Amino acid sequence: MAIEDGFKVDELDEFTLKLIKLADKTMPKEINKFMKVEASKLNSRTKKRAKKEVKKNTGNYMKGFKKGKKVYEYEDVKYNIRVYNKSPHAHLLEYGHEIVKGGKHSNKGNKGGKNLGFVKGKFILENSSKEFENDFIKDTYDFVGNLLDKGLS
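Here we summarise the structure given alongside this text. Not measured: the values here are computed from a predicted model.

Conventions and cut-offs
Residues numbered from 1 in each chain as written. Predicted model: local features only at pLDDT ≥ 70, side-chain atom pairs only at ≥ 80, totals over all residues. Heavy atoms only, no water. Helix = DSSP H or I, 4+ residues; strand = E, 2+ residues; numbered from the N terminus. Expected span 1.5 Å × (residues − 1). Buried < 20%, exposed > 50% of the residue type's maximum accessible area, 1.4 Å probe, protein only. Arc of directions from axis to C-beta. Pairing = 2+ DSSP bridges. Patch = residues over 30% accessible without salt bridge, like charges linked within 9 Å, V, L, I, M, F, W, Y side chains within 5 Å. Areas by Shrake-Rupley, 256 points an atom, 1.4 Å probe, with all protein chains shown as cover. Salt bridge = Lys/Arg side-chain N within 4 Å of Asp/Glu carboxyl O. Phe/Tyr/Trp six-rings, centres within 6.5 Å; stacked < 30°, edge-to-face > 60°. Lys NZ or Arg CZ within 6 Å of the ring centre and 35° of its normal. Core = buried A, V, L, I, M, F, W, Y, C linked by side-chain atoms within 4.5 Å. Contact = heavy atoms within 4.5 Å.

Next up on the list: helix α1 (residues 14-26). If you check α1, its first and last C-alpha atoms are 19 Å apart, about what 13 residues at 1.5 Å a residue would give, namely 18 Å. The complete set of buried residues in α1 reads Thr16, Leu19, Ile20, Ala23 and Asp24. Axial view of α1: buried residues confined to an arc of 150°, hence all on one face. In α1, those exposed residues whose orientation departs by more than 90 degrees from the buried face are Glu14, Phe15, Lys18, Lys21 and Lys25.

Listed below in structure tokens is the structure:
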């Protein structure tokens, strides 16, 4: 199971969006490279946040953070790339879970379990992406400026 989060950037002005569309026609590899670099930045920021917030050894949780290999189109947004955690228990840390004693997965084989409470989720991916959004907007404007300097035609 993979947990992922993303964001849409509505703050980009119309001129910048037109430049990105023009760059899409003339320099699609540049945009893909830019998106991969941004995904790497978000992935490293997410790992740092997870290290601070999840203090216990949780198996391979920290090794499970990955970024997507390909840029893809999703819901009318042409350029998307994933940052996610592939660990099988990542959703428990991300969204929270009940602490249950007994139940079908216990050693005793009880069918019903006793609920001992709820562990609140850390929402690491969601909070990291919200925190990264302003940096992404700034990097996008810088990217468009660099495209103009290179002579976007």
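In the case of a regular strand, side chains alternate between the two sheet surfaces. Both strand β3 (residues 72-74) and strand β4 (residues 77-80) contribute to a ladder of two bridges, which runs antiparallel. Note that in β4 the partner of Tyr72 across the bridge is Asn80.

A cluster of nonpolar residues, Ile99, Leu116 and Val119, forms a patch on the protein surface that exposes about 220 Å² of accessible area. For Leu116, the position within the fold is in strand β7 (residues 113-120).

Before going further, it helps to examine the packing of aromatic side chains. When we look at a pair of aromatic rings, we describe it by the centre distance and by the angle of the planes. Scanning the entire structure with this criterion turns up five aromatic pairs. Taken together, a centroid distance of 6.0 Å and an interplanar angle of 70° make the contact between Tyr95 and Phe123 edge-to-face. Taken as a pair, Tyr95 in helix α3 (residues 90-95) and Phe123 in the loop between β7 and α4 (124-150) lie far apart in primary sequence, 28 residues in all. Given the relative accessible area of 42%, Tyr95 is considered partly exposed. Sitting over the ring of Tyr84, Arg82 keeps its end group 4.0 Å from the ring centre.

This part is about the pattern of salt bridges. Think of it this way: side chains of opposite charge can pair up when their charged atoms draw near. A full pass over the atoms with the stated rule returns nine salt bridges. A salt bridge links Lys41 to Glu38; the shortest N-O distance between them is 3.3 Å. Within this pair, Lys41 and its partner Glu38 are both found in helix α2 (residues 28-53), separated by three residues, close to a single helical turn. For Glu38, a relative accessible area of 3% puts it in the buried group. In this structure, the salt-bridge partner of Glu131 is Arg45, at a minimum N-O distance of 3.9 Å. Taken together, the residues span a long stretch of sequence, with Glu131 in helix α4 and Arg45 in helix α2 at a distance of 86 residues. Judged by its relative accessible area of 43%, Glu131 is partly exposed. Residue classification places Arg45 among the partly exposed residues on the basis of a relative accessible area of 24%. In the salt-bridge network here, residues are joined through shared partners; they are Arg45, Arg49, Glu53, Glu131 and Asp135.

Within the largest apolar cluster, 24 residues are counted, with the highest numbers of intra-cluster contacts made by Ile31, Met35 and Tyr61. Among the elements of the structure, α1, α2, α3 and α4 are those that each provide at least two residues to this core. Top element by residues in this core is α4. It accounts for seven residues. Filtering out sequence-adjacent residues up to four positions away, Tyr61 remains in contact with Ala50, Val54, Asn85, Ser87, His89, Ala90, Leu93, Glu94 and Ile124.

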